[in-house]
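Now for the letters of each chain:
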Protein chains: 2
Amino acid sequence: MGRTADYTNERCSVAATLEVVGDPWTLLILRDAFAGVKRFEQWQERLKSLVSHGVMETRRYSERPPRHEYWLTEKGLALSPVLLTMAEWGDRHVYGRDNSPVLFTHKACGCAFHPVLACEACGEVVGRRDLERSSRQADSLTVGEALEAANMAAE
Amino acid sequence: MGRTADYTNERCSVAATLEVVGDPWTLLILRDAFAGVKRFEQWQERLKSLVSHGVMETRRYSERPPRHEYWLTEKGLALSPVLLTMAEWGDRHVYGRDNSPVLFTHKACGCAFHPVLACEACGEVVGRRDLERSSRQADSLTVGEALEAANMAAE
């Protein structure tokens, strides 16, 4: 159940995200964190990695004995679209929508929430075919270089 | 680099998606598949798993010698929001938007594409705080049961 691969030499933002949350257990920790769980004594090693990447942070909740909780940072909270789109795919293609183990309601409209992607600039709903992809892979940083730069910027 | 965990006893659509695409290498294969790559002799084992889950399918492109390509199915293409939201997070939080290795353009509005989530029902852009979560975990299928049911339905 350890890390399964090293993406530091890839030049790709998907790989960059996997380098941080690439151990699948990591995503289940984050799922639980979004659901409000804050204490995971059994997952110390993985939590250390998430803290070192700035995705979670520790907050002390007891002085004697010293105890702390793990909270999502802003950077961690920004992973919610990844988890919501994963949950939607699992609902549709594994469970079937009628059997979803967890339901989300869009408070404003009152409907069961199913995410679609929209364009941040114009707000329109966007499908795969509405996008044009252009790569500048050759001269871009590797994941390892980008993580190093991001960690230095965060210090 | 093998599978890192068994999610079949979880009751959760995130875990269900991880059970299918949970090995992080799987997501990089899918990234390449979305980018048009169709032949991956080096990744046979992982591809077999994706084919068995109906995420990719083989198509023969040469009779002599017999050769085939791997194509995304509809079920596989439905993973594009997961990959796009992962790429967006890596862009924002690892690479920085100005250094993204791959750019997407929203053809209709001409802007650089950055995904946000919208509600399928009402089309409004939705953030984490706009959602209410309700669990019916106790009586729902495990991932293993749901996958079995999904595979039987697909036959």
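Residues numbered from 1 in each chain as written. Chains lettered and ligands numbered in written order. Predicted model: local features only at pLDDT ≥ 70, side-chain atom pairs only at ≥ 80, totals over all residues.

**Q** Any chance you could explain the overall build of chain A here in plain terms?
**A** From N to C terminus, chain A includes six helices and five strands. In sequence order, chain A lays out its α and β elements as α-α-α-β-β-α-α-β-β-β-α. In terms of overall dimensions, chain A has C-alpha extents of about 55 × 45 × 30 Å along its principal axes. Looking at chain A as a whole, 40% of its 155 residues qualify as buried. Looking at chain A alone, contacts between residues at least 24 apart form 39% of all its contacts between residues at least 6 apart. (Helix = DSSP H or I, 4+ residues; strand = E, 2+ residues; numbered from the N terminus. Buried ≥ 20, exposed ≤ 12 C-beta atoms within 10 Å, placed from the backbone. Contact = placed C-beta atoms within 7 Å.)

**Q** Got a minute to help me understand the relation of the copies chain B and chain A in this structure?
**A** Put simply, the two copies of the chain differ by a rotation about an axis and a shift along that axis. For the pair chain B and chain A, the relating rotation is 180°, the translation along its axis is 0.0 Å, and the fit reaches an RMSD of 0.0 Å. Each copy turns onto its partner about a two-fold axis. Closest approach to the rotation axis among the C-alpha atoms of chain B is made by Leu117 of chain B, whose C-alpha sits 2.4 Å away. Both copies contact each other with a shared surface, as 100% of the interface residues of chain B are interface residues in chain A too. (Least-squares fit on C-alpha atoms with pLDDT ≥ 70 in both.)

**Q** Looking at this structure, how should I read the interface of chain B and chain A?
**A** How big an interface is tends to be stated in terms of accessible area lost as the parts join. On the chain A side, the residues contacting the 80 residues of chain B number 80 residues. For the side of chain B that touches chain A, the elements supplying multiple residues, two or more each, are helix 1 (13–21), helix 2 (24–34), helix 4 (74–77), helix 5 (80–95), strand 3 (102–106), strand 4 (115–119), strand 5 (131–135) and helix 6 (143–154) of chain B. It is helix 5 of chain B that contributes the most residues to the side of chain B that touches chain A, 15 residues altogether. Tallied by class, the residues present in the side of chain B that touches chain A amount to 47 nonpolar, 19 polar and 14 charged. (Nonpolar A, V, L, I, M, F, W, Y, C, P; charged D, E, K, R; others polar.)

**Q** It is not clear to me how helix 1 (residues 13–21) of chain A should be interpreted in this structure. Could you clarify?
**A** Since there are 3.6 residues in each turn of an α-helix, residues three or four apart along the chain are aligned in direction. Most of helix 1 of chain A sits out of view: nine of its nine residues are buried. Within helix 1 of chain A, burial applies to Ser13, Val14, Ala15, Ala16, Thr17, Leu18, Glu19, Val20 and Val21 of chain A.

Geometric values such as these leave the question of function open.
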